[in-house]
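Residue strings, one per chain:
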Amino acid sequence: MTLTFTFDPVITPAVRDGILDLWTDVTDAGGAVGFVPPADRDAIRAALVKQLTQVADGTARLLIGQDGDGRVLATAFLASNGHRLMRHWVMAYTVMVHPAHQGKGHGRDLMAALADAARSIEGIEAVRLGCRGGLGLERFYASCGYKEVGRVPGAIRVAPGDDRDDVTLWLPLT
């Protein structure tokens with residue numbers, strides 16, 4: 001199965017609900033997407049509404065990957081940087097592939113589509129990405145061309161006594 005990636009898709013109820021389902025499933029599988037299992041669907045819905053509001057107001061852009069039936073199985077958001085000295089890069093966040101479809105190359109496809117999407121934005125020369133340490137994500141992103149450029153030890157508290165590093169990665173596009 002291949003995924004079809006769409007940058008700046010029309011946000012229909014099916015797309016919105018598909019992202020919500022994806023985010024919930026990724027959270028329940030232990031994915032590092034801002035929540036911990038068990039997924040609180042209402043909290044995820046609130047975060048999604050906030051991110052989709054940013055898409056609507058133009059401060060963020062959305063990339064989705066869908067299967068042949070139109071199910072949303074991958075996402076990434078790209079946020080513009082409003083600081084006048086940092087407008088040449090975007091921040092990638094809420095990067096996820098459905099757990100049932102991981103290990104099949106969809107993550108690499110998503111990251112390639114994300115880089116292509118960022119390149120399509122006028123004046124963008126790099127992508128910045130943050131990830132939670134302790135899950136091997138740094139190795140995956142490095143294999144996609146990202147370089148670790150910063151790490152804050154223990155900055156992410158997953159649970160009492162379970163602090164993880166906040167890792168910053170950078171992908172030059174030029």
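Since the structure is predicted, the reported quantities are computational estimates derived from the model, not experimental observations. (Residues numbered from 1 in each chain as written. Predicted model: local features only at pLDDT ≥ 70, side-chain atom pairs only at ≥ 80, totals over all residues. Heavy atoms only, no water.)

Moving on, we get to the pairing of strand E5 (residues 126-132). For E5, the tally of buried residues reaches five of seven residues, placing the bulk of the element in the interior. Where strand E4 (residues 89-97) meets E5, four bridges bridge the pair, whose relative direction is parallel. Along E5, the bridge assignment pairs Ala-92 with Leu-129. What joins E4 to E5 is helix H3 (residues 106-119), and the crossover it makes is right-handed. Relative to strand E7 (residues 162-172), E5 runs antiparallel, the two being bridged by seven bridges. Note that in E7 the partner of Arg-128 across the bridge is Trp-170. (Buried < 20%, exposed > 50% of the residue type's maximum accessible area, 1.4 Å probe, protein only. Helix = DSSP H or I, 4+ residues; strand = E, 2+ residues; numbered from the N terminus. Pairing = 2+ DSSP bridges. Right-handed = clockwise from strand over helix to strand, strands pointing away.)

Tracing the backbone through its elements, the reader meets Gln-51 in helix H2 (residues 41-57). For Gln-51, the residues in contact, after removing those within four places along its chain, are Trp-23, Phe-77, Tyr-93 and Thr-94. (Contact = heavy atoms within 4.5 Å.)

Another point: the nonpolar core. If you look at the biggest cluster of nonpolar residues, it comprises 28 residues, and the most contacted ones within it are Leu-78, Val-95, Leu-114, Val-127, Leu-129, Tyr-141 and Tyr-146. Those elements that provide at least two residues to this core are strand E3 (72-80), E4, H3, E5 and E7. It is H3 that provides the largest number of residues to this core, a total of seven residues. Beyond its immediate sequence surroundings of up to four residues, Leu-129 is in contact with Met-91, Ala-92, Val-95, Met-111, Tyr-141, Tyr-146, Val-167, Thr-168 and Leu-169. Leu-20, Ile-44, Ala-47 and Ala-79 belong to the second-largest nonpolar core, a separate cluster that totals 20 residues. (Core = buried A, V, L, I, M, F, W, Y, C linked by side-chain atoms within 4.5 Å.)

Taken in spatial order, the seven strands line up as E1-E2-E3-E4-E5-E7-E6 in an open sheet, and their pairing is mixed. Each edge of the sheet is formed by a strand with only one pairing partner; in this case those strands are strand E1 (4-7) and strand E6 (147-159). Going across the sheet, the axis of each strand differs from the next one's by a mean of 25 degrees, ignoring polarity. Sheet topology places E6 next to E7; eight bridges connect them, and they run antiparallel. Bridged to Glu-148 within E7 is Leu-169. Contacting strand E2 (60-66), E3 and E4, H2 runs over the sheet at an angle of about 115 degrees to E2. (Axes fitted to C-alpha atoms, helices over the stretch in contact; angles between N-to-C directions.)

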